[in-house]
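# Structural characterization, general
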Amino acid sequence: MGDLATAHEAVKTVAPNTLSRPELYRLIADLERLRNRVDERLMAAKATLDGLHDSGADSSIVGRSVGRRSQRQATRDTLTARALAAIPTLADGLAEGRLNVEHAAIVADVAEQLPDEVAAELVPVAESMPADLFARKARSFVGRHTTASEAETQHRRQRDARGAWHHVATDGSVELRARFDRATGEAVVAALKQRADQFWHADGGRDGSPDELRSHTQRRADALATLITETPIATDRSVHPKFQVHIVCTLSERTVTWLDGTPVPDSVMEHIGPMSDVIAHIFSGDGQPLWQGRSKRLATAAQWRSLIAKTRGCAACGADIGRCQAHHLREWTNHGTTDLDNLELLCHTCHGVAHRGSRSDRAQRRRTTPFRARQDEPLEHTLTS
């Protein structure tokens, strides 16, 4: 307790509004390390409490009563504490500030699905990247360690757990909630995003002021209502690749996975025909032309699919492909070409940062981004049913 108490006393005397920018940087770094150390001690105490196996309250109940945590977060803390107790390298990384409690919680989720010694392999990866990027890496890690039979079992379990619920609020509004298996959920979400995007264009799109008519969440609600009630819409735009269901086929390994690397169960493949707009990326074979020069400014559908297969999301932060835009590494206004080697997927936020930053900033970001193009670049085949 001595080192924590000393650090706490030291930071209490600091007045941030008297510090320069470099001093603020150092203060933030010190406070982050202190917070990580406190989190490690807190989780160790919770794991010890749960290990007493007496008739007293467990760490989840104590977290709610003492820490005023939500039930969801209190339960999540219990799982994180359990993983920290079982994986010493994870606890050491948190205590020494090489990772934070977000990383630890992600490893804990993995440890619920894989043996502790396998989940421990993620600790060095967690120390090298922000938590949001690490979460995506962890999903891929779980996918690679999931066998076909395990994926089939998981699919059946998800199918058994499917359900839909509605609730009438006190003001009379109706709330909907649903749980689907992975395959059905991918198709539902793709259709929802596509319909919401159609509404965005109908409201004016990039050249108008669509948010003055309705918010993004309102468009998603209207899209869901339209899909459920089968109300026709005014526009009939073709389905964009980022609003389709994507699977990746690696012929040399004879594997078929979702974008995050999780195997697609055989039972899903047998019935994938009726699913609309299912796109398969084949890592072998003849490709389509993916170079447009300056004949087109916007990326083609084939280029989009290849970019999706390479980065599986935003190349900078790992955001979902539904939020991404095709970005020219050398800007179009600076004689950049619409060729695959001059394109990357960036979410709306990172795209704005890329255009606002200097060329040297963007070059440095591209050199250090963990989720650059995969080495096994796909030669594009598409299967649309």
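Everything here concerns the structure above.
Overview of the structure. (Residues numbered from 1 in each chain as written. Predicted model: local features only at pLDDT ≥ 70, side-chain atom pairs only at ≥ 80, totals over all residues. Heavy atoms only, no water.)

### Describing the overall build of the protein chain
Counting its secondary structure elements, the protein chain contains 17 helices and 7 strands. Buried positions account for 39% of the 385 residues belonging to the protein chain. Across the protein chain, the fraction of contacts at a sequence separation of at least 24, relative to all contacts at a separation of at least 6, is 66%. When the accessible surface of the protein chain is totalled, it reaches about 22000 Å², and 53% of it is carbon and sulfur. (Helix = DSSP H or I, 4+ residues; strand = E, 2+ residues; numbered from the N terminus. Buried < 20%, exposed > 50% of the residue type's maximum accessible area, 1.4 Å probe, protein only. Contact = heavy atoms within 4.5 Å. Areas by Shrake-Rupley, 256 points an atom, 1.4 Å probe, with all protein chains shown as cover.)

### Here we look at the packing of helix H4 (residues 71-86) against helix H6 (residues 101-111)
Interhelical geometry of H4 versus H6 gives an angle of 85 degrees and a closest axis separation of 8 Å. Taken together, H4 and H6 sit at an angle that is classed as roughly perpendicular. Here Arg76, Leu79, Thr80, Ala83 and Leu84 of H4 come into contact with H6, specifically with Val101, Ala104, Ala105, Ile106, Ala108 and Asp109. Among the residues forming the contact of H4 with H6, the class breakdown is 8 nonpolar, 1 polar and 2 charged. (Axes fitted to C-alpha atoms, helices over the stretch in contact; angles between N-to-C directions. Parallel < 35°, antiparallel > 145°, perpendicular 65-115°, else oblique. Nonpolar A, V, L, I, M, F, W, Y, C, P; charged D, E, K, R; others polar.)

### Description of the pairing of strand S1 (residues 163-168)
Strand direction decides the pairing type here: S1 and strand S2 (residues 174-179), joined by 6 bridges, are antiparallel. Along S2, the bridge assignment pairs Val168 with Val174. Between the end of S1 and the start of S2, which pair antiparallel, lie 5 residues, with Gly172 showing a positive phi angle near 95 degrees. (Pairing = 2+ DSSP bridges.)

### Some remarks on the side chain of His327
With respect to the helices and strands, the residue His327 is situated in strand S6 (residues 324-328). By relative accessible area, which is 0% here, His327 ends up buried. Side chain to side chain, His327 and His351 meet in a polar contact 3.2 Å long. (Polar contact = N/O pair within 3.5 Å; in protein donor to acceptor, adjacent residues only side chain to side chain.)

### Thoughts on the pattern of salt bridges
Under the definition given, this model contains 17 salt bridges. Salt-bridge contacts for Arg159 lead to Asp181; the nearest nitrogen and oxygen are separated by 3.0 Å. With Arg159 in helix H10 (residues 148-160) and Asp181 in the loop between S2 and helix H11 (182-202), the pair connects residues that are 22 residues apart, well separated along the chain. Classification of Arg159 as partly exposed rests on a relative accessible area of 31%. Among the residues examined, Asp181 registers a relative accessible area of 2% and is labelled buried. (Salt bridge = Lys/Arg side-chain N within 4 Å of Asp/Glu carboxyl O.)

### Regarding the packing of aromatic side chains
The way to describe two aromatic rings as a pair is by their centre distance and the angle between their planes. Using the criterion set out here, one finds 0 aromatic pairs in the structure. The side chain of Arg177 reaches across the aromatic face of Trp165, ending 4.5 Å from its centre. In this structure, Arg214 packs its charged tip against the face of Phe199, placed 4.6 Å from the ring centre. (Phe/Tyr/Trp six-rings, centres within 6.5 Å; stacked < 30°, edge-to-face > 60°. Lys NZ or Arg CZ within 6 Å of the ring centre and 35° of its normal.)

### So, the environment of Asp160
Its place among the elements puts Asp160 in helix H10. In the structure, Asp160 is positioned 21 residues away from Asp181 in sequence and 8.6 Å away in space, judged by C-alpha atoms.

### Regarding a nonpolar patch on the surface
Taken together, the side chains of Val168, Val174, Leu176, Leu224 and Ile228 present a nonpolar region at the surface, about 460 Å² in accessible area. When residues of the nonpolar patch are traced back to their parent elements, those giving at least two are S2 and helix H13 (216-229). The residue Leu176 is located in strand S2 in this model. (Patch = residues over 30% accessible without salt bridge, like charges linked within 9 Å, V, L, I, M, F, W, Y side chains within 5 Å.)

### Considerations on the packing of H6 against helix H9 (residues 131-144)
Running from N to C, H6 and H9 cross one another at 15 degrees; their axes reach a closest spacing of 10 Å. Here H6 lies roughly parallel to H9, going by the angle between them. Helix-helix and strand crossings are classified by hand; for H6 and H9 the assignment is right-handed. The segment H6 lies against H9, with Glu102, His103, Ile106, Val107 and Val110 engaging Ala131, Phe134, Ala135, Ala138, Phe141 and Val142. (Left-handed = near helix turned anticlockwise from the far one by under 90°.)

### Description of unusual backbone geometry
With a phi angle near 55 degrees, His53 is a residue other than glycine that sits in the positive phi range. Here His53 lies in the loop between helix H2 (21-50) and helix H3 (59-65).

### A few points about H9
A rise of 1.5 Å per residue sets the reference length of H9, with its 14 residues, at 20 Å; its end C-alpha atoms lie 20 Å apart and thus fit the reference within 8%. In terms of burial, H9 is largely enclosed, as 10 of its 14 residues are buried. Residues of H9 that are buried in the fold lie against H6, helix H7 (116-119), helix H8 (123-126) and helix H15 (301-311). (Expected span 1.5 Å × (residues − 1).)

### Describing the state of the cysteines
Here the structure, examined in full by the defined rule, presents 0 disulfides. Take Cys347: it sits in no disulfide, and the sulfur closest to it among the cysteines is that of Cys350, at 3.6 Å. (Disulfide = S-S within 2.5 Å.)

### Here's the deal with the environment of Pro263
Summarising the element assignment, Pro263 is placed in the loop between strand S4 (255-258) and helix H14 (266-270). Distance from Pro263 to Val248, taken between C-alpha atoms, is 9.4 Å for residues 15 residues apart in sequence. Apart from residues no more than four positions distant in its own chain, Pro263 is found in contact with Gly143, Thr146, Thr147, Ala151, Val256, Thr257 and Trp258.

### Remarks on the pairing of strand S3 (residues 245-250)
A regular strand places its side chains on the two faces of the sheet in alternate fashion. Among the 6 residues that make up S3, 6 are buried, leaving the element largely enclosed by the rest of the structure. Side chains of S3 alternate between two faces, with Val245, Ile247 and Cys249 and His246, Val248 and Thr250 buried alike. Relative to S4, S3 runs antiparallel, the two sharing 4 bridges. Among the inter-strand pairings, Cys249 is bridged to a residue of S4, identified as Val256.

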